[in-house]
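Below, each chain spelled out in residue letters.
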Amino acid sequence: IDVVCPVCKNEFAVSKIKSKIKENMPLGFEPYMVPIYPSELSNPLSYEINVCPKCLFSAFQSDFSKDKKTNMSLAYEKDLRQLSKGITFENMYTNYELARLKYAMAAFLYDKEKPRDLIKLGKCYIRIAWFSKELKEIDFYRTSLRKALDTYLEAYNVIDEFTMNSPLVSLLWRYFVG
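Numbers given to residues run from 1 along each chain, matching the order in which its sequence is written. Local features in this predicted model are restricted to residues of pLDDT 70 or higher, and side-chain atom pairs are both shown and tallied only at a pLDDT of 80 or more, whereas totals for entire chains, interfaces and linings draw on every residue. The side-chain numbers reported here are obtained from all heavy atoms of the structure, hydrogens and water having been left aside.

(A) Spatial organisation of the side chain of Ser132. Positionally, Ser132 belongs in helix α3 (residues 118–134). Apart from residues lying up to four places away in sequence, Ser132 is in contact with Arg100, Glu137, Phe140 and Tyr141. Helix and strand definitions here come from DSSP, where helices need a minimum of 4 consecutive H or I residues and strands a minimum of 2 consecutive E residues; each element is numbered from the N-terminal end. Only heavy atoms enter the contact rule, under which two residues are in contact if any of them lie within 4.5 Å.

(B) Main features of the side chain of Arg100. Structurally, Arg100 can be placed in helix α2 (residues 96–112). Residues in contact with Arg100, not counting those within four places in the same chain, are Ile128, Phe131, Ser132, Leu135, Glu137 and Phe140.

(C) Spatial organisation of the pattern of salt bridges. Salt bridges are counted wherever a side-chain nitrogen of Lys or Arg sits within 4 Å of a carboxyl oxygen of Asp or Glu. The tally for this structure, following the rule as stated, stands at 9 salt bridges. In this structure, Asp63 and Lys120 form a salt bridge, with 2.8 Å as the shortest nitrogen-oxygen distance. Here the residue Asp63 occupies a position in the loop between β6 (58–60) and α1 (77–84), and Lys120 occupies one in helix α3, the gap between them amounting to 57 residues. Take Asp63 and Lys120: they sit in the same class, and that class is buried. Arg100 is paired through a salt bridge with Glu137; the nearest N and O atoms lie 2.7 Å apart. Classification of residues uses two cut-offs on accessible area relative to the type maximum, computed with a 1.4 Å probe and protein chains only: under 20% is buried, over 50% is exposed, and between them is partly exposed.

(D) Here's a closer look at α2. Between its first and last C-alpha, α2 extends 24 Å over 17 residues, near the 24 Å set by a 1.5 Å rise per residue. A large share of α2 lies buried, amounting to 12 of its 17 residues. Residues Tyr96, Leu98, Ala99, Arg100, Leu101, Lys102, Tyr103, Met105, Ala106, Ala107, Leu109 and Tyr110 constitute the buried set of α2. As for α2, its buried residues are in contact with β5 (49–51), β6, α1, α3 and α4 (138–158). A helix's residues, less one, multiplied by 1.5 Å, set its expected span.

(E) Spotlight on unusual backbone geometry. Residues Lys114 and Pro115 are joined by a peptide bond in cis, for which omega reads -10 degrees. Within the element layout of this structure, Pro115 appears in the loop between α2 and α3. Of note in the backbone geometry, Lys9 takes a positive phi value of approximately 65 degrees without being a glycine. In this structure, Lys9 sits in the loop between β1 (2–4) and β2 (11–13). A residue is classified by how much of its surface remains accessible, and Lys9, at 58% relative accessible area, is exposed. Notably, Lys136 is not glycine yet its phi reads approximately 60 degrees, a positive angle.

Here it is in C-alpha cells:
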C-alpha cells in the first residue's frame, strides 16, 4: 500500500497482512487476550504502525490518510532516530522486535501530541506489552502493561459520555477490570 507521510509528505510503500483470510486468523487467544498467530511474520498486529523512512513519523494507518492533519513536526526526528537505533524501515516483513519498536516510536509521538489521543497511546502500550511477553522480556512487559493501564484510566477520567459508549472503550475496560 502506498501512503504519504503527513509530516514530511514523503510517499512510501508499506506492507499489510490481511487479517480476514484463514491463514492469518488467530489460532486462539492467550489468557491475557493476546491473539496467537501461526508465525510472527504473519501477525497483522505487527503491521498496524506505519513508519515514514524519511522522517520516522510513526502512527496507525488512519493517521496517514491524505486528509489527516497532524500537529506533529520534524522537531522529534532526532529523538526518533535515537530511539530507532539506526534501523531502516524499508523492509517488507516485521518481526516482534521491530513491531515493538514501531509501537514504541508511535507511543512516543502520541504522548507528545496535543491533545493526546489516550486511546491510541494506551493501545500502543498494550501492544508493546504483548510483544515484550512474546520476546520473554517480562520486566518490559510489566512496565508497558502498567503504562497502558495508567493511560486507559486517564482516558476514562477525561472521556465524555458519547465516547465512553464506544465498543473499543468498552472492550478495553472489560480487559482491565475483568
